[in-house]
Amino acid sequence: MLSVFHNRRWDSDFRTVRSLVESGALGTVMRCEMYWDRFRPAIKPGWREDPGMASGLLADLGPHLVDQALVLFGLPERVGADVIAQRPEARVDDAFTVTLHYGVRRVTLAASTLTLAPRPRFALHGTAGHFAIHGIDPQEAVLRAGGRIDDPAFGMQEAGLDGVLTLADGRRRTVPSERGDWRLYYAGMVAAIRDGAPPPVTPEDALAGLRLIDAARTSAREGRTIAL
């Protein structure tokens, strides 16, 4: 049984965004922006900063953003990208912007290591409304700090970081964040192994994301959009 640990499908913010998109609350989404920003002006020693096949920000955070876009919207028709190194001592890319073309819909995936005031993690603009949410899913930070997955509050976003939905008529409301739960990936693997269910992330899903990243690199290198 082959699968890929695209755990960010079970992030709190992404689960909230996916529910809104699938419910039609935003109407037809015409623009979706996904940002993953950091402020790390100094080079941090490690594999991410050393030249190699898996180094650089696009290889580090890009697969997560790309997979989330593919879950929401499927494969795009074309890809355009800017992949650069902005810090003076950087030896690999440390910033990128990838634009996915779906007819008249545009999906922007971007990350930076020199953004002190982070942009929204997700911002979606639809024919019926707008939704934006800031912050990062809490699960990794909790686990690094020694938290336990059997804590009743595990995966719950902290107060004040819930997203805001603005409807076309001007009404606004806070949307309670869904619980993030990476354990659902493992539950899916159990079902796949024991019961013959599809794996929670298929190899085809992972390959589609890698091919899209390859297209983004080609776009950045050649200065043109790439058809898929």
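The following refers to the structure shown. (Residues numbered from 1 in each chain as written. Predicted model: local features only at pLDDT ≥ 70, side-chain atom pairs only at ≥ 80, totals over all residues. Heavy atoms only, no water.)

Considerations on the overall build of the chain
Part 1 of the reasoning: In terms of helices and strands, the chain carries 6 helices and 9 strands.
Part 2 of the reasoning: Each principal axis of the C-alpha distribution contributes one length, and for the chain these read about 45 × 45 × 40 Å.
Part 3 of the reasoning: Residues counted as buried form 45% of the 228 residues belonging to the chain.
Part 4 of the reasoning: Put simply, the chain shows about 11700 Å² of open surface, and 55% of that area lies on carbon and sulfur atoms.
Part 5 of the reasoning: The average position of the 28 basic charges and that of the 28 acidic charges among the side chains of the chain differ by 1 Å. (Helix = DSSP H or I, 4+ residues; strand = E, 2+ residues; numbered from the N terminus. Buried < 20%, exposed > 50% of the residue type's maximum accessible area, 1.4 Å probe, protein only. Areas by Shrake-Rupley, 256 points an atom, 1.4 Å probe, with all protein chains shown as cover. Lys, Arg positive; Asp, Glu negative; His and termini not counted. Charge placed at Lys NZ, Arg CZ, Asp CG, Glu CD.)

A look at the nonpolar core
Part 1 of the reasoning: Core analysis: the biggest nonpolar cluster contains 38 residues, and Val-98, Leu-100, Leu-109 and Phe-131 have the highest contact counts within it.
Part 2 of the reasoning: Among the elements that make up this core, the one with the highest residue count is helix α3 (residues 62–73) (6 residues).
Part 3 of the reasoning: Setting aside residues up to four positions removed in sequence, Phe-131 forms contacts with Thr-16, Val-17, Leu-20, Leu-26, Phe-122, Ala-123, Leu-124, Gly-163, Val-164, Leu-165 and Val-175. (Core = buried A, V, L, I, M, F, W, Y, C linked by side-chain atoms within 4.5 Å. Contact = heavy atoms within 4.5 Å.)

Notes on the side chain of Glu-49
Part 1 of the reasoning: In this structure, Glu-49 sits in the loop between β1 (29–37) and α2 (57–60).
Part 2 of the reasoning: Residue Glu-49 is classed as buried on the basis of its relative accessible area, which comes to 13%.
Part 3 of the reasoning: Within the structure, the side chain of Glu-49 is placed 3.0 Å from the side chain of Arg-87, a separation counted as a polar contact.
Part 4 of the reasoning: Sequence-distant contacts of Glu-49, that is, excluding residues within four places in its chain, are made with Ile-43, Lys-44, Arg-87, Arg-91 and Val-92. (Polar contact = N/O pair within 3.5 Å; in protein donor to acceptor, adjacent residues only side chain to side chain.)

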